[in-house]
Every structure is written in structure tokens, then in C-alpha cells.
Amino acid sequence: MMTTKAATVIDYIVQRIADEGVQHCFGVPGDYAFPVGDAVDRNPNIKWIGCSNELNASYAADGYARVRGAAMLSTTYAVGELSAINGVMGAKAERSLVFHVGGIPSYQNQRLRKTMHHTLGDGIFDRFIDISAQAVCSHAVINPDNCVIEMERVIAEARRNNQPAYIVVPSDYAQAPVTPTEVRPLTLKSNEASLKKAVAAITERIKNAKSIVALPAFTLSRVGLQKEAREAIEALGCPFATTSMEKSIIDESHPQFAGMYSGVLSAEETRKIVEGAELVLNIGGVSFNDETTMGFSTHLDPARFISIALNDVRVGDQLFGSVRIADVLAALAKLKSGAPRYKRTPAGNPSINGKPSDKITMDALYPRYAKFIRSGDNVVLESGSSSFGVPPMTLPDDVQVHIQMLWGSIGWATGATFGIALADPKRKTILITGEGSHQLTANEIGNMGRFGANPIILCLNNDGYMVERALEPNPDWSYNDLAKWRYADVPHALGCTDWFTARVETLGELDAALKAARESKSGAYIEVIGGRMDMPKGLAFAHTRLKELYGETI
């Protein structure tokens, strides 16, 4: 690629990000970032999406990147970028590629060590760059001369790791002409010799294994390789299971789906298949964290694993570097296993129970949610009760489930819902959240209405932080209480006057509201009243595993 016209530095940056498939920029304006906003506004390929604060914007960008493969976030120096760091770090933890573009004071004022706003007043301007850089896999401070080269380096590294990148540009440099430089975008490829050795080692293990199970990881959805993973699993004929982080990554009606693996809370057949397999194919890097393992209640032998990461393969004590996962999946799709082919009819959901006049319980609520969710929906689950209540339910084919199980920042799901809905407007986006998390980021609902995102929001009001009450011996500490919002009134107060809203206390009211929400031409919001200590089975079990989760009391 060769720059042939004297575009400004910031125009080049914005267009180069747009070239990566990004059509929206989430952010909050600020004077040091004015050049960024100006460049987005005048670029026909990307649209500015103003958010209520930078944290919400970073969550929205994370959600957007999960669907589109990449996202853009704009913040101003110090006060803006520091507010966004939690969301950007969560994207790093869970492999969402967000291009975080920061505007900083002009190079001239930095050199003169002027005392400027948003600083500590000490004339030092680069201290926040080091902080923001910790939340990404690559970063660059851009000037006219390095702009083209550095953008290609940063983009390639972000793509290689599928993690955020931080691009920072002084406000005067942003508006200067970019120095034309000849450079081509880097194409990420496997080292052929290393790939050949990795495939040979995998083939040998598969050939000799009497039983195999595949565990497709959440990373596959981030890099758009679900189809390739499914084809590899089909070729091998082995069963596959998922943790809650991979909910619906491959359709659950698939005859090789062996169920959700969650340690001792797994179905007995699922647990036997996963823990008893002679060979476990970890495809993409499953996160066996405290939540996906139900308090580390799994029994897995690492010696039985073949781990296929984004850029390397581990077989026993052998590590093969510079190997791209797409190439490994293509090779797996050509292999045949000597193990018996697996076929299972997926189990159905619990029956819809309860009379219309009954109060809402979790046993009655989540089967209704599963029935409500349709093929083609995006489902966003907040960390907390919903992330324990929905995953055990069998969902229809072609449902995409989004959950932040590893980083687990409460409030993420409301912001992410905004980004997901804009990234994939042909699907209906459904947010299932609890009130405690929702209070952190509910102000973003106003922008959902402003930009026509129109999700369905199901907010559980159970009088406080349910997940916190579940994860400690004494659930009644005052810090687990919340301000008593009138949640169903929030959308209208924030300008979403055409949304359907309801507050429901009985199963009959819930059923009617769900029907009306699905029929709404705009957004919908249902406040669901639940019991203070009524929790899904998985969360109740977590309450019995406090020692395993947090260690012995000293």
C-alpha cells in the first residue's frame, strides 16, 4: 500500500481502522480528541456513536468487536482514557479487538512543559500512556513520519493476538499531513515447517486415542472460526462440550454436542465424556476459571490435552510456535479418528411451570427465557445470576450468546448490548441482567434509543446484589443493598418514549410482557421482580464452595 495524497495523520488513522471492517466509533468527546471526532465525522465510512461515559463506550466497543471482529474507541487524554481502562482491559482478557485511539496535548505544549488541564501540573505528559498501554497488546505514539509504518505494526499485532491496541496522537500532529511511505499490510501466516510438525504430532495422538472429546473455546467466535471448528469436529466424529463461556458457539442441536461442562454440576454423561476421554482437544484456549469450573470442581488431566491456541500448538511437552489456528483446523478437517463416532440427542429444557397468579421464581423464570429466545437472536448475559441461570438451558440454533465470564466486570452487559445491537442490527439483541450490575451503566439506554439500537432488556429486581449475597457467608451486610429504582420508568426518563416497558411480579404478567416485548417495533424493557434469596442452581452451589473459591480463613 502506498499513500499518494497528503491526508492528515488522523484521517489516515481513522480510514485505516475503517479498512478493518469498523463502521462505528464509540466515544466521549474531549478537546484533546477533537481531531479524532472531526476525522470520524468527515469520514463517510465510519459513524460517531456518542456514549454517556468512557467506561460505557469501552464496553460498547468490546461488544461490537465480538460481533464485527474489531471496534474503535475514542477518548481524550487522561480523564477519558483512564475511565475507559477497565473496559479495554476486559477486552484484552477476553480477546476482543478494540482500537483505542487517544488524543493528547500537542507536541508543542509537551516540549514547552506547559501546565495544562487533565495533567498533574508537573509538565510530564507521557505517564498515562504507560498506564493505557498495559490494557492492550500493542501501542504506538503516532507522528507524521511514523504513522503509516506504526499503524501496520499495531494492526498486525492486534490481529495476531486478537486483543486491543492503543493508538495515541498529539493534537497538532493529528492535523499535520502524513508522510507518504511505502508499506503493505502484514498477512499473518503459519510457519510451514512448524505447522507440518504440529499436525504430525496431533495426528499421531488422534490415531492412537481410544476416546476423544473436543472443547471449542470462546476465542473461536472472536476470530470467526466457528464453522471451521465445527467441520474439524465433524471430521473426527468425536463429542464436543462447552463451558458457559462458549454457550451456543456451535449449535446445541448438533448430534455430537455432549452438553455443557461445568465440573460437578455437569450432566453425568457429559462429565464422564469430558473427564474420561483419553484425549482432550482444547481448540482455541478454554478458560478453566473459578466460574466455568463451578469453583474448581473439575477433574481434568493436563497430560491428556492437545491445546491449539491462536498462534501455537502444545502436544504434551512439545510446543510448536508460529502456527495459526485456522491452518490447524483446516488440517484437522482432513483427519479421521479411530475412536467410535458419537451421536447424542440433546436433552430438552425443564417444562414451563407455574400458574399465572404465581410469584416469579428462578425455577420458573429461566425456562421461560429459553422459550422466549429465538433462532437469530443475540443474547447478552450479565455477570451474576443470569450467567448461572441461562447457560444450562438448551437454546435454539443460530443464537449468539455473549458473556464476560472471565473478566466479570459488572455493568459490562448493558454497555456491550449497545455495541452488539449496532454491530448486528438484523438480529434482535436481548439483554438479561440483574439490577445491581444494571445500575452501573443504565444511563446508556438513552443512547440506545438515540441511535436506534432497540434491544429487549430483561432486568431482574431482587432487592440487592444477588451474586454478592451468594458468594459470602452472611448475605445481609448493608453494602449489598441498592437504591430502590423504578426500573421500568428508566427508558422513558432517558428519552426512549416509544419503548414498551413493564413491571411484572407474577408469571402471568411476565408471559404477557414477554409477548408484547417481542412484538414491539422499537425497544422493550421488562422489570422482573424476584425473591431476595431465590437464585439459580449454579449460584446456590457456588455458595457451598466458598473455601475453594477464596481459600481458608486465616
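Okay, so let's go over this structure. All figures in this text were calculated on a predicted structure; none of them were measured in a lab.

1. Looking at the overall build of the protein
Here is step 1: The number of helices and strands found in the protein is 23 helices and 19 strands.
Here is step 2: The globule rule puts the C-alpha radius of gyration for 554 residues at 24 Å, and the 24 Å found for the protein is close to it.
Here is step 3: Principal-axis analysis of the C-alpha atoms gives the protein an extent of 70 × 60 × 55 Å.
Here is step 4: Across the 554 residues that make up the protein, the buried fraction comes to 59%.
Here is step 5: In the protein, of all internal contacts separated by at least 6 residues, the share reaching a separation of at least 24 is 77%.
Here is step 6: If you sum the accessible surface of the protein, you get close to 22,400 Å²; carbon and sulfur atoms cover 52% of it.

2. A few points about the packing of aromatic side chains
Within a pair of aromatic rings, the relevant descriptors are the distance that separates the centres and the angle that separates the planes.
Here is step 1: For the coordinates displayed, the defined rule picks out 11 aromatic pairs.
Here is step 2: On the numbers, 6.0 Å between centres and 75 degrees between planes, the contact of Phe 26 with Phe 418 is edge-to-face. On the criterion of sequence distance, the pair formed by Phe 26 in strand E1 (residues 24-27) and Phe 418 in helix H16 (residues 412-423) is long-range, its members being 392 residues apart.
Here is step 3: Using a relative accessible area of 0% as the deciding quantity, one classes Phe 26 as buried.
Here is step 4: When the ring of Phe 418 is compared with that of Phe 451, the centres are 6.2 Å apart and the planes differ by 35 degrees; the resulting orientation is tilted. With Phe 418 in helix H16 and Phe 451 in the loop between helix H18 (445-450) and strand E17 (456-461), this pair connects stretches of sequence that are 33 residues apart. As far as burial versus exposure is concerned, Phe 418 and Phe 451 are alike and both buried.
Here is step 5: Feature note: the residues Phe 26, Tyr 64, Phe 418 and Phe 451 constitute an aromatic cluster, connected by ring pairs.
Here is step 6: One cation-aromatic arrangement involves Arg 518 over Phe 372; the distance from NZ or CZ to the ring centre is 4.6 Å.

3. Here's the deal with helix H21 (residues 507-519)
Because each turn of an α-helix spans 3.6 residues, side chains separated by three or four positions in sequence point in the same direction.
Here is step 1: Between the first and last C-alpha of H21 there are 19 Å, a value that for 13 residues agrees with the 18 Å anticipated at 1.5 Å per step.
Here is step 2: For H21, the elements touching its buried residues are helix H14 (362-372), strand E16 (429-434), E17, strand E18 (500-504) and strand E19 (524-529).

4. A short note on the pattern of salt bridges
Here is step 1: Counted according to the given criterion, the structure contains 33 salt bridges.
Here is step 2: With a closest N to O distance of 3.3 Å, Arg 160 and Glu 157 form a salt bridge. Remark: Glu 157 and Arg 160 occur in helix H7 (residues 147-161); sequence separation between them is three residues, near one turn of the helix.
Here is step 3: A relative accessible area of 32% places Arg 160 in the partly exposed class.
Here is step 4: Where Arg 271 meets Glu 275, a salt bridge forms, and the shortest distance between an N and an O atom there is 3.1 Å. Separated by four residues within a single helix, Arg 271 and Glu 275 lie in helix H12 (residues 268-276), roughly one turn from each other. In terms of burial, Arg 271 and Glu 275 fall into one category: buried.
Here is step 5: A cluster of three or more residues bridged by salt bridges with shared partners is formed by Asp 463, Arg 469, Asp 476, Asp 481, Lys 484 and Arg 532.

5. Some thoughts on the sheet that holds strand E4 (residues 98-104)
Here is step 1: Taken in spatial order, the six strands line up as E2-E1-E3-E4-E6-E5 in an open sheet, and their pairing is parallel. What marks the edges here is a single partner per strand, and that holds for strand E2 (47-50) and strand E5 (138-141). Adjacent strand axes in the sheet meet at a mean angle of 20 degrees when their direction is disregarded.
Here is step 2: Pairing of E4 with strand E6 (residues 165-170), which is carried by six bridges, proceeds in the parallel orientation. Across the sheet, Gly 102 pairs through a bridge with Val 168, a residue of E6.
Here is step 3: Here helix H3 (residues 54-68) sits on the sheet and contacts E1, strand E3 (71-76) and E4; the angle it forms with E3, its principal contact strand, is near 165 degrees.
Here is step 4: Lying over the sheet, helix H4 (residues 79-93) contacts E3, E4 and E6, oriented at roughly 150 degrees with respect to E3.

6. What about the packing of helix H9 (residues 192-208) against helix H13 (residues 325-332)?
Here is step 1: Two numbers describe how H9 lies on H13: the axes approach to 11 Å, and their chain directions differ by 45 degrees. Here H9 is positioned oblique relative to H13, judged by the angle of their axes. The element H9 and its partner H13 pack so that their crossing is right-handed. Residues Leu 195, Val 199, Ile 202 and Ile 206 of H9 lie in contact with H13, whose contacting residues are Asp 327, Val 328, Ala 331 and Leu 332.
Here is step 2: Within the contact of H9 with H13, the residues separate by chemical class into seven nonpolar, no polar and one charged.

7. A word on the pairing of strand E10 (residues 279-283)
For a regular strand, side-chain orientation follows a simple rule: the groups alternate between the two sheet faces.
Here is step 1: Taking burial as the measure, the five residues of E10 include five buried ones, the bulk of the element.
Here is step 2: Taking every second residue as pointing to the same face, both faces of E10 are buried, with Leu 279, Leu 281 and Ile 283 on one and Val 280 and Asn 282 on the other.
Here is step 3: Taken together, the five bridges between strand E7 (residues 212-216) and E10 define a ladder with parallel strand orientation. Across the sheet, the residue bridging to Pro 216 is Ile 283, located in E10.
Here is step 4: In the sheet, E10 pairs with strand E11 (residues 305-308) via four bridges, with the strands oriented parallel. When the bridges of E11 are listed, Ile 283 appears paired with Ile 308.

8. A look at the packing of H3 against H4
Here is step 1: Axis separation between H3 and H4 bottoms out at 7 Å; the angle between their running directions is 30 degrees. What the angle tells us is that H3 and H4 run roughly parallel. The hand of the H3/H4 crossing is right-handed. Between H3 and H4, the residues in contact are Glu 54, Leu 55, Ser 58, Tyr 59 and Asp 62 and Gly 80, Ser 83, Ala 84, Asn 86, Gly 87, Val 88, Gly 90 and Ala 91, respectively.
Here is step 2: The class makeup of the residues in the contact of H3 with H4 is five nonpolar, six polar and two charged.

Thresholds, definitions, all that
- Residues numbered from 1 in each chain as written.
- Predicted model: local features only at pLDDT ≥ 70, side-chain atom pairs only at ≥ 80, totals over all residues.
- Heavy atoms only, no water.
- Helix = DSSP H or I, 4+ residues; strand = E, 2+ residues; numbered from the N terminus.
- Rg over C-alpha atoms; globule rule 2.2 N^0.38 Å.
- Buried < 20%, exposed > 50% of the residue type's maximum accessible area, 1.4 Å probe, protein only.
- Contact = heavy atoms within 4.5 Å.
- Areas by Shrake-Rupley, 256 points an atom, 1.4 Å probe, with all protein chains shown as cover.
- Phe/Tyr/Trp six-rings, centres within 6.5 Å; stacked < 30°, edge-to-face > 60°.
- Lys NZ or Arg CZ within 6 Å of the ring centre and 35° of its normal.
- Expected span 1.5 Å × (residues − 1).
- Salt bridge = Lys/Arg side-chain N within 4 Å of Asp/Glu carboxyl O.
- Pairing = 2+ DSSP bridges.
- Axes fitted to C-alpha atoms, helices over the stretch in contact; angles between N-to-C directions.
- Parallel < 35°, antiparallel > 145°, perpendicular 65-115°, else oblique.
- Left-handed = near helix turned anticlockwise from the far one by under 90°.
- Nonpolar A, V, L, I, M, F, W, Y, C, P; charged D, E, K, R; others polar.

As far as function goes, none of this settles anything; it's purely spatial.
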